[in-house]
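Chain by chain, the residues run as shown.
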Amino acid sequence: MHSPSPTYVARLPATEPDARRISDLLTECLDPASAVCAAFETSGGVWQVEVHFVAPLDVKALRAMIAAAAGKKHADATVYATVAQRDWVATSLAALAPVHAGRFIVHGAHDRASIPINRIGIEIEAALAFGTGHHGTTRGCLLAIDELVKRKKPQRILDLGTGSGVLAIAAAKILRKRVRATDIDSRAVQIARANAHINHVGALIETVRAAGLNAPRLANAPFDLVLANILLAPLQRLAAPLARRLAPNGRVVLSGLLLAHANAALAAYRTQGLALERRIRLDGWVTLVMKRKKARR
Ligand code: SAM
């Protein structure tokens, strides 16, 4: 699945709050199709930020972003390297600890045997697509799914901007229902497909390459649950078409929002007849659960 071409990595040690600040800013600023950023605790207890790029990186721009997030000393402490893609995927995932979110645990293959029987393991093995569970936006969505399926069992589910497929896999595993998983990035679609098979839900997850809702296979909605972790601007653009495809009482989980973005996202979806049900704040990010109450005019 991985091409043998090299990738480029920037690494720096930091305290946990600085590592999270840097990772959040870089995740917000960098194109997720070409860069993956993670902040994690290494086995020695030291926090580290790693950013992997598929093309040679713009060191000057990256330095400026790191300095803006946590100061010049962190920009100075950053080291850059070129690595074989196969190596860094294995290395970075081996360094990541499993992530707990409600009943879900997102983990790499190396932790497969340690998942308790009363938890739902989601094995993610492809770090080139966003969604290892370490980011506050993904964790917020997993917590939202865990909580809302206790009250309601949605039948028709869409994961819009699936990345690694983590949310689609979570929904398919906990509900045993079919999930459509879309991404604008064809590589993410392939990775999500592979991860669905690794997690034994390949038959339940239909992967579709699509920008927003522009695909024939998304035309015959409505959906009872839409998961959309894709940042403020695309979420605003998608508010009207997404609300149109939401069944009455259907829910949308919106994420990828900084705290300062929450009101703008709320306004865009309230205008479409949705009401806020739950707000989850994690690591400076917010996840919103919104419900379509009225039949559409
Ligand atoms: N769902 C995963 C998670 O929660 O960890 C990945 C979320 S990642 C922040 C956003 C994903 O949305 C990326 O894989 C990106 O390629 C995709 N994306 C961005 N804009 C999109 C759009 N307009 N339509 C479909 N996918 C989009």
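Above: the structure in question.
Okay, so let's go over this structure. For every chain, the first residue of the written sequence is number 1, and numbering continues from 1 along that sequence. Per-residue local features of the predicted model are confined to residues with pLDDT of at least 70, and side-chain atom pairs are confined, for both listing and counting, to 80 or more; whole-chain, interface and lining totals are unaffected and use all residues. With hydrogens and water stripped out, all remaining heavy atoms of the structure feed into the side-chain values.

1. Things to note about the overall build of the protein chain
Inference 1: Helical segments are the DSSP runs of H or I of at least four residues, strand segments are the runs of E of at least two, and each set is numbered from the N terminus. A tally of regular secondary structure across the protein chain gives nine helices and 14 strands.
Inference 2: Exposed residues in this analysis have more than 50% of their type's maximum accessible area, buried residues have under 20%, and partly exposed residues fall in between, with area computed by a 1.4 Å probe over protein chains only. Looking at the protein chain residue by residue over its 297 residues, the buried ones come to 57%.
Inference 3: Summarising the internal contacts of the protein chain: among those between residues at least 6 apart in sequence, 68% fall at separations of at least 24.
Inference 4: To measure how exposed things are, a 1.4 Å probe is used in the Shrake-Rupley method; for residues, cover is taken only from the protein chains shown. Per element, the accessible surface of the protein chain, about 12,900 Å² overall, is 55% carbon and sulfur. Residue contacts are defined here by distance: any two heavy atoms, one from each residue, within 4.5 Å place the two residues in contact.

2. Things to note about the pairing of strand β7 (residues 120–123)
Inference 1: Alternating positions in β7 separate into two faces, I120 and I122 on one and G121 and E123 on the other, with burial throughout.
Inference 2: Bridge analysis of strand β6 (residues 104–107) against β7 gives four bridges, and the strand direction is parallel. When the sheet's bridge partners are listed, H107 is paired in β7 with E123. Two strands qualify as a pair provided that DSSP identifies no fewer than 2 bridges between them.

3. A few points about the site of the ligand
Inference 1: Throughout, near means a residue has at least one heavy atom within 4 Å of the molecule or strand. If you check the shell around the ligand, you find 17 residues, and the closest are T138, G161, D183, G212 and N229.
Inference 2: Within the backbone of T162, one N or O atom sits 3.4 Å away from a nitrogen atom of the ligand.
Inference 3: The contact in question runs from an oxygen atom of the ligand to an N or O atom on the side chain of N229, over 2.8 Å.
Inference 4: Here the term charged refers only to Asp, Glu, Lys and Arg, the term nonpolar to Ala, Val, Leu, Ile, Met, Phe, Trp, Tyr, Cys and Pro, and the term polar to all other amino acids, Gly among them. When the residues that make up the shell around the ligand are grouped by side-chain class, the tally is eight nonpolar, seven polar and two charged. Polar contact is defined as a pair of N or O atoms within 3.5 Å, subject to the rule that within protein one atom must be able to donate a hydrogen and the other to accept it, and that residues adjacent in sequence are counted only when both atoms are side-chain atoms.

4. Re the environment of V253
Inference 1: Positionally, V253 belongs in strand β12 (residues 246–258).
Inference 2: Among the residues examined, V253 registers a relative accessible area of 0% and is labelled buried.
Inference 3: In the structure, V253 is positioned 108 residues away from I145 in sequence and 8.2 Å away in space, judged by C-alpha atoms.
Inference 4: In this view, V253 contacts C141, A144, L148, L225, V226, L227, A228, T287, L288 and V289; residues no more than four positions away in its chain are not counted.

5. Considering the nonpolar core
Inference 1: Formed by 35 residues in total, the largest nonpolar core has its most connected members in F104, I122, L142, I145, I205 and V253.
Inference 2: Residue assignment for this core shows that the elements contributing at least two residues are β5 (99–101), β6, β7, α5 (136–151), α6 (166–175), β9 (179–183), β11 (223–229) and β13 (274–282).
Inference 3: For this core, the leading source of residues is α6, giving nine residues.
Inference 4: Sequence-distant contacts of I205, that is, excluding residues within four places in its chain, are made with A168, I169, A172, V179, A181, R193 and A196. Here, nonpolar core means buried Ala, Val, Leu, Ile, Met, Phe, Trp, Tyr and Cys residues that are tied together by side-chain atoms lying within 4.5 Å of each other.

6. A few points about α5
Along an α-helix, residues three or four positions apart point the same way, because every turn accommodates 3.6 residues.
Inference 1: Taking 1.5 Å of rise per residue, the 16 residues of α5 would be expected to cover 22 Å, and the 23 Å separating its terminal C-alpha atoms lies within 8% of that figure.
Inference 2: By the criterion of burial, α5 is predominantly enclosed, with 12 of the 16 residues buried.
Inference 3: By the burial criterion, the buried members of α5 are G136, T137, T138, R139, G140, C141, L142, A144, I145, D146, L148 and V149. A helix is expected to reach a length of 1.5 Å times the quantity of its residues less one.

7. Digging into the sheet that holds β13
Inference 1: Strand order across the open sheet formed by seven strands is β10-β9-β8-β11-β12-β14-β13, with mixed pairing between neighbours. In the strand order of this sheet, the two ends are held by β10 (205–209) and β13, each with one partner. Across the sheet, the axes of successive neighbouring strands diverge by a mean angle of 15°, strand direction being ignored.
Inference 2: In terms of strand pairing, β9 meets β10 through five bridges, oriented parallel. Bridge assignment links A181 to a residue of β10, and that residue is T207.
Inference 3: Strands in contact with helix α7 (residues 186–198) are β9 and β10; relative to β10, the strand with the most contacts, it is inclined by about 170°. Note on geometry: axes are C-alpha line fits, over the in-contact stretch for helices, and angles between N-to-C directions span 0 to 180 degrees.

8. Description of the sheet that holds β7
Inference 1: Pairing is mixed across the open sheet formed by three strands, whose spatial order is β5-β6-β7. Since the sheet does not close on itself, it has two edges, and those belong to β5 and β7, each with one partner. Neighbouring strand axes in the sheet, compared pairwise and without regard to direction, differ in orientation by 25° on average.
Inference 2: As paired elements, β5 and β6 share three bridges and run antiparallel to each other. What sits directly across from V99, in β6, is V106.
Inference 3: Sitting on the sheet, α5 is in contact with β5, β6 and β7, with an inclination near 40° to β5.
Inference 4: Sheet contacts for α6: β6 and β7; angle to β7, the most-contacted strand, approximately 150°.

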